[in-house]
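Now for the letters of each chain:
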Amino acid sequence: MPPTSPSWSDSFRVYLKPRVITMLFLGFAAGLPLLLVFSTMSAWLRDMDVSRSAIGFFGWIGITYSVKVFWSPVVDRLKIPWLSEQLGQRRSWMLLGQLGVIAGVLGMAMTDPQSHLTLVAWLGLTVAFSSATQDVAIDAYRIEAVVREYQGAMSSMYILGYRVAMLVAGAGSLYIADFFSWSMAYAVMAALMLVGVVTVMLIAEPNGHTHEDADELEEALHHQLHLDDPHLRGLRWFVDAVVAPFVDFFKRNGRFALVILLFIGLFRLSDIVMGIMANPFYLDLGFSKTDIASIGKVFGFFMTIIGSFLGGLLVVRYGVFRPLIAGAVMVALTNMLFAQLSLIGPDITWLALVISADNLSGGFSNAVFVAYLSGLTNRAYTATQYALFSSVMTLPGKFVSGFSGVIVDANSYTFFFSYAALMGVPAILLAIYLWRRNLAEEPQRA
């Protein structure tokens, strides 16, 4: 008999599990540094009369988050002297990343950008690199700490902590800077990173991180690449840490791995392409900045949390594939609401509806998609493989989004949002295909 779905009460109780609650605090630690090297830092630099041209160059610091896949094998394999022995692989790297963030943010608090702008840039890069390293370790911890069915709940709790941290680092920093100073604002943010440090010290290292299952694959790679000589130990480590994770993924999935990667690249394409034009669209339609900020903060924040909570709940209840289809459909339909708003005009009720739907579908689809990606990883290479998936997830959308303004200028917002909705259709079809393929394989697994 096929396994029965857990009851709704059992599904809700997942959110009370200690390791799920832990993700709230780790999400806070992950979200806090982001705005401190993006919009909050831009506001600080402009307030200090730094030129707009110089501020624009600081945007390159954000590239650090997009290329973390390059050093994720180090986080996966390299042990930190003494620290890894005391805390374990995941907790030691999380702590190291958090300490790097604290040091960088404190350094920024004590630096005057008017006279030491280059130092501020290096400190910002330190914060971004340390934060991205922490993200790699947290993703690996999240995947290894619980079974696959709970990944949606882990993701939604992480999103809640992340969003709260962004409010604190965004609006909170501005309030502190307005009443006291920018130095005080950044010093307070550094102190708040202790939330992550305390959490790491209290939690237990997950027991899912093991390389034993990969020994056979790595030995085969050593033999094929003629690396049996013990003097080639450094090269063997590189093959084990960098090459083996990718070989493992393709070995487990065969040619179907290309379909999976295609689906990963397409799932958020519609969402990312649309997102870059949302605020210009609101302004061009005639809404005030206050309208956008007020509705976005209230409806945006809470609807994202509700959506992610609902996504995690349905993954526990129904598994990952049916919610994955629902998430892909919701993202595409949300774009049609934007197209409808472009025809209606500056109606504040419709603005609230569109922002609510956009954030609800975004929170839901992200929580479900993270659960799906988490299930694809081999726990022998968790950090490296998940970093690969997260990079593939965003890069196509970021590239195509560069042409968004061209499409709007050549046609209209109505055409653009309808076009963005159609870009979501391949993701829906692939999600249905993955679901049907999984149903066909269930008897074999049983």
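Just above, that's the structure.
Calculation rules
Residues numbered from 1 in each chain as written. Predicted model: local features only at pLDDT ≥ 70, side-chain atom pairs only at ≥ 80, totals over all residues. Heavy atoms only, no water. Helix = DSSP H or I, 4+ residues; strand = E, 2+ residues; numbered from the N terminus. Rg over C-alpha atoms; globule rule 2.2 N^0.38 Å. Contact = heavy atoms within 4.5 Å. Areas by Shrake-Rupley, 256 points an atom, 1.4 Å probe, with all protein chains shown as cover. Lys, Arg positive; Asp, Glu negative; His and termini not counted. Charge placed at Lys NZ, Arg CZ, Asp CG, Glu CD. Phe/Tyr/Trp six-rings, centres within 6.5 Å; stacked < 30°, edge-to-face > 60°. Buried < 20%, exposed > 50% of the residue type's maximum accessible area, 1.4 Å probe, protein only. Expected span 1.5 Å × (residues − 1).

1. Structural notes on the overall build of the protein
Link 1 in the chain: A tally of helices and strands in the protein yields 24 helices and zero strands.
Link 2 in the chain: Scaling as 2.2 N^0.38, a compact globule of 446 residues should have a C-alpha radius of gyration of about 22 Å, and the protein matches this with 23 Å.
Link 3 in the chain: Each of the three principal axes of the protein carries a C-alpha extent, and together these read 65 × 55 × 45 Å.
Link 4 in the chain: Residue pairs at least 24 apart in sequence account for 81% of intrachain contacts in the protein once pairs closer than 6 positions are excluded.
Link 5 in the chain: When the accessible surface of the protein is summed, it comes to about 20500 Å², and 67% of that surface belongs to carbon and sulfur atoms.
Link 6 in the chain: If the 28 positive side-chain charges of the protein are averaged to one point and the 30 negative ones to another, these points end up 5 Å apart.

2. Focus on the packing of aromatic side chains
Link 1 in the chain: The tally for this structure, following the rule as stated, stands at 25 aromatic pairs.
Link 2 in the chain: With 5.5 Å between their ring centres and 65 degrees between their planes, F263 and F267 make a pair best called edge-to-face. Of this pair, F263 and F267 are both found in helix α15 (residues 256–267), four residues apart, which corresponds to roughly one turn of the helix. Take F263 and F267: they sit in the same class, and that class is buried.
Link 3 in the chain: Centroid distance F267 to F369: 4.3 Å. Interplanar angle 15 degrees. Geometry classified as stacked. With F267 in helix α15 and F369 in helix α20 (residues 348–376), this pair connects stretches of sequence that are 102 residues apart.
Link 4 in the chain: Classification of F267 by relative accessible area gives buried; the value is 4%.

3. Comments concerning α15
Link 1 in the chain: Between its first and last C-alpha, α15 extends 16 Å over twelve residues, near the 16 Å set by a 1.5 Å rise per residue.
Link 2 in the chain: Buried residues dominate α15, accounting for nine of its twelve residues.
Link 3 in the chain: Among all positions of α15, only F256, A257, I260, L261, F263, I264, G265, L266 and F267 are buried.

So far we have only geometry, and geometry alone does not tell us how the molecule works.
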